[in-house]
Amino acid sequence: MADQDRAPRVVVFGGRDLWLSVFALDHWLAVFGLSPGSFELIEGEAPGADVSARRWAEYHGMGAWKFFAAWNLYGKGAGHIRNGLMADAADYGIGFITDGSRGTANMERQLISRGKIAHMVRYEFVNDGWDGSEEAL
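Residues numbered from 1 in each chain as written. Predicted model: local features only at pLDDT ≥ 70, side-chain atom pairs only at ≥ 80, totals over all residues. Heavy atoms only, no water.

Draft legend 1. Here's a closer look at helix H2 (residues 49-59). In terms of residue burial, H2 counts as a mostly covered element, since nine of its 11 residues are buried. Buried within H2 are the following residues: Ala49, Asp50, Val51, Ser52, Ala53, Arg54, Arg55, Trp56 and Ala57. Among the residues trailing H2, Gly61 stands out with phi positive, at a value near 75°. (Buried < 20%, exposed > 50% of the residue type's maximum accessible area, 1.4 Å probe, protein only. Helix = DSSP H or I, 4+ residues; strand = E, 2+ residues; numbered from the N terminus.)

Next up, the structure:
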């Protein structure tokens, strides 16, 4: 749980195919009672939802705790190791999941196994042509 002397640390995570606009994240974070500056963001620097969350924070003048997967060092297990570190650092999480999102499902399990809440938003992927480029922000 969050120390009373600091804002909650929230990991935002999800599929690599899900690029969220600043405005979409404004909406979803507000659904869970969050607004810019009301929490500390944790994200895993994976393409899609993670990088979208970092860009959201930058747009609102916030920093973010960035956790990188050490693929060269740990190989295929690097993502799960990174997820465990994020789960340790977070007070709770907000995830965006679709069928087949193994990394996202692992992050959810990592939080739950530590007795932390994982709020999950299910989505279906529709390719609208946006690749997450900065110009669309």
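Draft legend 2. Focus on the nonpolar core. In terms of nonpolar packing, the biggest core is built from 20 residues, with Val10, Val12, Leu29, Leu34, Phe39, Trp56 and Phe96 touching the most fellow members. Listed by contribution, the elements that provide at least two residues to this core are strand S1 (9-14), helix H1 (22-31), H2 and strand S4 (92-97). Counting residues per element, this core draws most heavily on H2, at four residues. Discounting residues that sit within four places of it in the chain, Leu34 has contacts with Val10, Leu29, Phe39, Tyr92 and Ile94. Grouped together as the second largest cluster of nonpolar side chains are 11 residues, Val11, Ala89, Met107 and Leu111 included. (Core = buried A, V, L, I, M, F, W, Y, C linked by side-chain atoms within 4.5 Å. Contact = heavy atoms within 4.5 Å.)

Draft legend 3. Structural context of the environment of Met86. Position of Met86 among the secondary structure elements: in helix H4 (residues 78-89). Between the C-alpha atoms of Met86 and Phe13, which are 73 residues apart in sequence, the distance is 10.0 Å. Apart from residues no more than four positions distant in its own chain, Met86 is found in contact with Val11, Ile42, Glu43, Gly44, Phe67 and Met107.

Draft legend 4. A look at a nonpolar patch on the surface. Taken together, Leu73, Tyr74, Ile81 and Leu85 make up a surface patch of nonpolar side chains, about 410 Å² in accessible area. Where the nonpolar patch is concerned, the elements lending two or more residues are helix H3 (71-74) and H4. On the secondary structure map, Ile81 appears in helix H4. Classification of Ile81 as partly exposed rests on a relative accessible area of 38%. (Patch = residues over 30% accessible without salt bridge, like charges linked within 9 Å, V, L, I, M, F, W, Y side chains within 5 Å. Areas by Shrake-Rupley, 256 points an atom, 1.4 Å probe, with all protein chains shown as cover. Salt bridge = Lys/Arg side-chain N within 4 Å of Asp/Glu carboxyl O.)

Draft legend 5. Region of interest: the pattern of salt bridges. Summed over the entire model, instances satisfying the criterion amount to seven salt bridges. Between Arg54 and Glu45 there is a salt bridge whose closest N-O contact spans 2.6 Å. Classification of Arg54 by relative accessible area gives buried; the value is 15%. Measuring nitrogen to oxygen at the nearest pair gives 2.5 Å for the salt bridge that ties Asp88 to Arg114.

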